[in-house]
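For reference, the chains in residue letters:
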Amino acid sequence: MTSPTAHPALCHRFVDLACLRGELLLYRGLSFELRSGDLVWLKGPNGVGKSSLLRQLAGLLPIEEGHMAWQAPNQQQTPVDGKALFHYLGHTNALDEDLSVEDSLAFWQRLYRASPQDLTHAIKALRLEAFLATPCRYLSSGQRRRTALARLMICPRPVWLLDEPLVGLDQASVGWVMALIHDHIAANGACILISHQDAPGLSQTATVMTLAPKAGTVSGLEISEARAS
Amino acid sequence: MTGFWTCFGREWRLSLRRTGDLLTVVMFFAITLSLFPFGLGVGKDLLQQTAPAIVWVVGMLAVLLSLDALFARDERSGMLDQILLSPIMSLEYVLAKWLVHWLLTALPLVAMTPVMTLLYFLPGQATLLLVLSLLLGTPSLTSLGLIAASLSLGARKGGLLIPLIALPLMIPVLIFGVGTVTLSQQAMNAASAWYALAALAFLLLPVSLATASLALHHNRS
C-alpha cells in the first residue's frame, strides 16, 4: 500500500539548534539536514534530549538558538508553515478516554479537513476495524498506539516525527507500522523516528543519528551521522 | 468556523459522557446553598437580604470546581499538542471550550437558582432579577475561569493556582451581579449595575479567548 500522492521534494535545514529545559541545557549547536526520502533513526541514552528535539522540530518547544528552514529544490518561495509539514506522535496518544475509536478518528478527520476516504484508508492501514466502537479507555496500550498512528494516515504530511512509535505493539503490528513508514519514505516523505528497539528493515534503511552527551559537560553534544549499509 | 464546530462537537460529546463532572458542580451548588439557611437560622429578613450574595458566591465557587480539568485533561492526554499542530486556530478550540463550559456548567446553575432561592424566602421578583443577573454574569465567570485555567497550565499544583488567580478577578462581577438585585430590592436605580455587568461580559469574552490561546501556545515547554 502506498500513499495516494507523492510529497514534493523538500529539504529541511536545522541550524545550530539549542534546547533549554528549565535550567538544563540539553543541546546546543545542533545542525542537520532532512531531505525528502530520508528515514532518520534518532538514538541516544535516556534524557539526552531526543524527545525534546522532536518537540522542538514540531514547534511545540521554543527554539532558544538557531533556526529552521526548509527549501523546495525548484526555489519555490513557499511560506514556512510547520503546522502543515509535520506530523508529531509523542509519548502520549492524544486519545479521549470517553470517546470511541471511531469518534476519535472522525474528530481528527474533521480537524485535518480530510476526506472520509482518508479515514477509511487509515482504519484499514492500522487494522482498527475490530475495535472501532470501543471507548478508548478500554483499549490495550498497543491498540491505543495503533489508533494514534492512524492519525498519520488520515492527513498526508511530508514529515513524520515519531517518538517511540513501536512501543506496546505486537510483532505483527510492528511489521505493518514499519511498512507504513517505508511507504511514506517511498512516497518522498521524510521521517525521524526514536526507537530503542530495532524493527524489521529499520537498521537497513535508516540513517542513524546518535545524540550523545559529551563527557564532562552537560551542554556539549556530539552528532554522529553515518548511513548504514 | 469548521474548526470551531469540530471542537465544539468533541467538547459537547465529552462533557455529556462525563455526567459525573457536571453533576458534581450542580450538587455542590445545591448542597452548599442549602447549608446557609441551617446556619443562619430562620430569620426570614436575614435570609432574604443575604440570598443574592450567597447565591453569587456559591455560584462562583461551583464554577471554579469545574476548571481543574478544563485544559489540564487535554494537556495530559497529548490532545492539546495535536490541536496546536492541526490546521485550526487555537482561538476556535478555546471558544468551543468557553461555550461548552458556559452551556453545561454555568447554565445549569442558573436554572437551579429559582429552586434554591425558595430556601431563602426570596420573593418572585427578586428571584427573577437574580436569575437574570446570573445569566448576564456567568459568561464573565466562565471567561475568567478560562483565563485562570490556561495560565495555571504547566505549573505544578496548577489546580490550586486556579482559585488564586480567578477569585480576585471575579470580585467586580460579584459586586455588580449582587448589586443588580440588592439595589432593586432597596427600590434604587439598578441600571448602572446592569450596564456594568453587561460591559464586563462583552469585554471579558474576547480578552479571555485571546489570553487563553496565547497561554496555550506559551505553555508548551
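Fair warning: this is a prediction, and the values are worked out from it, not measured in the lab.

K.L.:
I'm lost on the overall build of chain A in this one. Help?
P.N.:
Looking only at helices and strands, chain A features seven helices and nine strands. The buried share of chain A, taken over its 229 residues, is 52%. Long-range pairs, those at least 24 residues apart, make up 70% of the contacts in chain A between residues at least 6 apart in sequence. Accessible area for chain A stands at about 10100 Å²; split by element, carbon and sulfur atoms hold 53% of it.

K.L.:
Teacher, can you tell me more about the pairing of strand β5 (residues 86-89) of chain A here?
P.N.:
Regular strands have side chains that alternate between both faces of the sheet. Residue and element names in this part refer to chain A. Covered by surrounding structure in β5 are Phe86 and Tyr88 together with His87 and Leu89, the residues of both alternating faces. Judged from the four bridges that link them, β5 and strand β6 (residues 159-163) form a sheet pairing that is parallel. In the sheet register, Leu89 faces β6, and the bridge partner there is Leu162.

K.L.:
Is there a simple way to think about helix α4 (residues 116-126) of chain A in this case?
P.N.:
The α-helix advances 3.6 residues per turn, and as a result positions three or four apart in sequence lie on the same side. All names here are of chain A. By the burial criterion, the buried members of α4 are Leu119, Ala122, Ile123, Ala125 and Leu126. The arc that holds the buried residues of α4, viewed along the axis, is 165°, so those residues lie on one side. Opposite the packed face of α4, turned more than 90 degrees from it, sit the exposed residues Gln117 and Lys124. Buried residues belonging to α4 abut α3 (101-111), α5 (141-154) and α6 (171-186). At the exit of α4 stands Arg127, carrying a positive phi of roughly 50°.

K.L.:
Quick question: what am I supposed to make of the nonpolar core here?
P.N.:
Burial of nonpolar side chains together is a common tendency in soluble globular proteins. By size, the foremost hydrophobic cluster in this structure holds 108 residues, and its most contacted members are A:Leu105, A:Trp108, A:Leu126, A:Ile181 and B:Tyr93. Once residues within four sequence positions are removed from consideration, A:Ile181 is found in contact with A:Leu39, A:Trp160, A:Leu162, A:Cys191 and A:Leu193. Judged by nonpolar contacts, the second largest core, of 30 residues, contains A:Leu42, A:Ala58, A:Leu61 and A:Phe86.

K.L.:
Help me out: how do you make sense of the interface of chain A and chain B in this one?
P.N.:
Many analyses report the size of an interface as the accessible area lost when the parts associate. Tallying the contact residues gives 25 residues for chain A and 24 residues for chain B. The contact between chain A and chain B buries some 2300 Å² in all, and 54% of this surface belongs to carbon and sulfur atoms. Where chain A meets chain B, there are five salt bridges. Notably, a salt bridge pairs B:Arg18 with A:Asp98, separated by 2.7 Å at the nearest N-O pair.

K.L.:
What's the story with unusual backbone geometry in this structure? I'm lost.
P.N.:
Peptide bonds are, in most cases, trans, and in most cases residues other than glycine have a negative phi. We note that A:Ala94 has phi near 55°; this positive angle belongs to a residue other than glycine. Tracing the sequence through the fold places A:Ala94 in the loop between β5 and α3. One non-glycine residue, B:Ala187, lies in positive phi territory at about 60°. Summarising the element assignment, B:Ala187 is placed in the loop between α8 (158-185) and α9 (191-218). Taking the relative accessible area as the measure of exposure, B:Ala187 reaches 72% and is therefore exposed.

K.L.:
It is not clear to me how the confidence of the model for chain B should be interpreted in this structure. Could you clarify?
P.N.:
Close reading of the predicted structure is inappropriate where its pLDDT is low. On average, residues of chain B score 91 in pLDDT, and 99% of them reach the 70 mark or higher. Scored as a complex, the prediction yields pTM 0.88 and ipTM 0.83.

K.L.:
What am I meant to see in the environment of A:Pro156 here?
P.N.:
In this structure, A:Pro156 sits in the loop between α5 and β6. Sequence separation between A:Pro156 and A:Gly189 is 33 residues; the distance between their C-alpha atoms is 9.3 Å.

K.L.:
I would appreciate a short explanation of the pattern of salt bridges in the present structure.
P.N.:
Where charged atoms from two side chains of opposite charge come close, those side chains can pair. Residue and element names in this part refer to chain B. Inspection of the entire model under this criterion finds 13 salt bridges over all chains. One salt bridge connects Glu11 with Arg10, and the closest N-O pair in it is separated by 3.3 Å. A relative accessible area of 7% places Glu11 in the buried class. Since its relative accessible area comes to 3%, Arg10 is described here as buried. Where Arg10 meets Asp74, a salt bridge forms, and the shortest distance between an N and an O atom there is 2.7 Å. With Arg10 in helix α1 (residues 2-17) and Asp74 in helix α4 (residues 68-77), this residue pair connects regions lying 64 residues apart in the sequence. We note that Arg10, like Asp74, is buried.

Rules behind the numbers
Residues numbered from 1 in each chain as written. Chains lettered and ligands numbered in written order. Predicted model: local features only at pLDDT ≥ 70, side-chain atom pairs only at ≥ 80, totals over all residues. Heavy atoms only, no water. Helix = DSSP H or I, 4+ residues; strand = E, 2+ residues; numbered from the N terminus. Buried < 20%, exposed > 50% of the residue type's maximum accessible area, 1.4 Å probe, protein only. Contact = heavy atoms within 4.5 Å. Areas by Shrake-Rupley, 256 points an atom, 1.4 Å probe, with all protein chains shown as cover. Pairing = 2+ DSSP bridges. Arc of directions from axis to C-beta. Core = buried A, V, L, I, M, F, W, Y, C linked by side-chain atoms within 4.5 Å. Buried area = accessible area lost by both parts, 1.4 Å probe. Salt bridge = Lys/Arg side-chain N within 4 Å of Asp/Glu carboxyl O. pLDDT = per-residue confidence, 0-100.

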